[in-house]
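Results of the structural survey
One letter stands for each residue in the lines below.
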Amino acid sequence: MRIAAIDIGTNSVHMIVVNVRSDLSFEIIDREKSMVRLGAGGLDGRALTVEAMTAAVQTLSTFKRLADSHRVEKIVAVATSATREARNGGEFLARIHHETGIRPMVITGTDEARLIHQAAVYGVDVGSGRAVVIDIGGGSVEITHGTATSTDLSRSFKLGAIRLTERFVKSDPISEGDERRLERHIHNEIDRYCDQITAVGFDRVVGTSGTILSLGVVAATAARGSAPAELRNLRISAKQLRRVRKEVCERDIESRLKMPGLDPRRADLVIAGAILLDTILRRLGADELTLCDLALRKGLDLD
């Protein structure tokens, strides 16, 4: 059986096509991604812009043709933070169905977190240990705690890279005052939850999705002198990520665009992403982060 799983995110739209074998293992046939910035200017109950919706629908039309070319038997599509919050989210979903035939389902932040955890512990072998999984999207960050087979703590916070950039990053480079205000806001949101996690304990922290992977590549490239060939299971120390935070906060966008390993499409969002990731890791007392290139769409396939 072939399944196409589509994640209509706040920053990017992703699709993964998999072939499900008889033993229920997976073979990845194809994967596509387009950064459409659906949530730019449209979070916190505001309307999605016509331009962003059009870009997303055009991307989904392309994905539908690609899925059809692979003769998939089922397309599963979900929409997350941007669509969840937008006052015209229903209009957007109706337009997707009308123009592409895809019928997306809006999922809650809790469901999003659960599916991400499922994908991360599938991609990274946590054995019999306990793992924290962090996924930074455009509109939200998901933080979970659990094992290879279950999730016991699962939360989604409105702390995504686009949301935090629009609210707190008012200058380039970011001012020290805005950096302090951003970090204080993050602590106000996550501290109590992180207390729950640290009280239980964990064996490793896994990071997924574009913002974290991009920061991981920058850190690894700086340490090794060249970009890593493989991201999954790559371990990055918290100190290396802290150095990346310091560097991106000190640079303007022209300088950030020249940073080895940084995805140039994330140059404007990387400041908020780096501060958020570093703050979470320090709050958890984590020494390192294990990268994983599987996230929500893989969780949909597994589910």
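What comes next is a walk through the structure. (Residues numbered from 1 in each chain as written. Predicted model: local features only at pLDDT ≥ 70, side-chain atom pairs only at ≥ 80, totals over all residues. Heavy atoms only, no water.)

**Digging into the packing of helix H5 (residues 161-168) against helix H6 (residues 176-200)**
Close contact between H5 and H6 brings their axes to 10 Å; oriented N to C, the two are set at 135°. On the basis of their axis angle, the class for H5 and H6 is oblique. Seen along the crossing, H5 lies across H6 with a hand that is right-handed. Residues Leu164, Arg167 and Phe168 of H5 pack against Asp178, Arg181, Leu182 and His185 of H6. Its residues assigned to classes, the contact of H5 with H6 shows three nonpolar, one polar and three charged. (Axes fitted to C-alpha atoms, helices over the stretch in contact; angles between N-to-C directions. Helix = DSSP H or I, 4+ residues; strand = E, 2+ residues; numbered from the N terminus. Parallel < 35°, antiparallel > 145°, perpendicular 65-115°, else oblique. Left-handed = near helix turned anticlockwise from the far one by under 90°. Contact = heavy atoms within 4.5 Å. Nonpolar A, V, L, I, M, F, W, Y, C, P; charged D, E, K, R; others polar.)

**Here we look at the pairing of strand E1 (residues 2-8)**
Judged by how many residues are buried, E1 sits mostly within the fold: six of seven residues are covered. Two strands pair when backbone bridges link them, and E1 and strand E2 (residues 12-20) are joined in this way by seven bridges, in the antiparallel orientation. When the sheet's bridge partners are listed, Asp7 is paired in E2 with His14. Following E1, the chain reverses through three residues before pairing antiparallel with E2. As paired strands, E1 and strand E4 (residues 74-79) are joined by six bridges and run parallel to one another. The partner of Ile6 across the bridge, within E4, is Ala77. (Buried < 20%, exposed > 50% of the residue type's maximum accessible area, 1.4 Å probe, protein only. Pairing = 2+ DSSP bridges.)

**Some details on the pattern of salt bridges**
What the rule picks out here adds up to 27 salt bridges. A salt bridge links Arg245 to Glu179; the nearest nitrogen and oxygen atoms lie 2.9 Å apart. With Arg245 in helix H8 (residues 238-250) and Glu179 in helix H6, this pair connects stretches of sequence that are 66 residues apart. Here Arg245 falls in the buried class, since its relative accessible area comes to 8%. (Salt bridge = Lys/Arg side-chain N within 4 Å of Asp/Glu carboxyl O.)

**A short note on the layout of surface pockets**
Each pocket or cavity is described by its volume, and for the largest pocket that value is around 270 Å³. What lines the largest pocket is a set of 17 residues, and nearest its centre among them are His14, Lys33, Gly210, Leu213 and Arg297. Of all the elements in the fold, those that place two or more residues in the lining of the largest pocket are E2, strand E3 (26-35) and helix H7 (209-224). Ranked by the residues each element gives to the lining of the largest pocket, the list is headed by H7, at five residues. Along the lines of polarity and charge, the residues of the lining of the largest pocket split into five nonpolar, four polar and eight charged. (1 Å grid on protein atoms, 1.4 Å probe; cavity = no way out; pocket = protein on both sides within 12 Å on 5 of 7 lines; lining within 4 Å. Points joined across faces, edges and corners; volume = space filled by probe spheres on them.)

**Here's the deal with the sheet that holds E1**
Strand order in the open sheet formed by five strands is E3-E2-E1-E4-E5, with mixed pairing between adjacent strands. The open sheet has two edge strands with one neighbour each: E3 and strand E5 (105-106). Here E2 runs beside E3; their pairing, made up of nine bridges, is antiparallel. Looking at the pairing, Val17 lines up with Asp30 of E3.

**Some details on empty space enclosed by the protein**
By the definition in use, this model includes two cavities of 30 Å³ or more. Around the largest cavity, the lining is made up of 26 residues, and of these Asp7, Ile136, Gly137, Gly138 and Ser209 lie nearest the centre. Elements supplying a minimum of two residues to the lining of the largest cavity: E2, helix H4 (109-123), strand E6 (131-136), H7 and helix H11 (296-302). The residue inventory of the lining of the largest cavity, partitioned by class, reads six nonpolar, 13 polar and seven charged. Estimated volume of the second largest cavity: approximately 40 Å³. Lining the second largest cavity, in full, are Ile16, Arg31, Asp293, Leu294, Ala295, Arg297 and Lys298.

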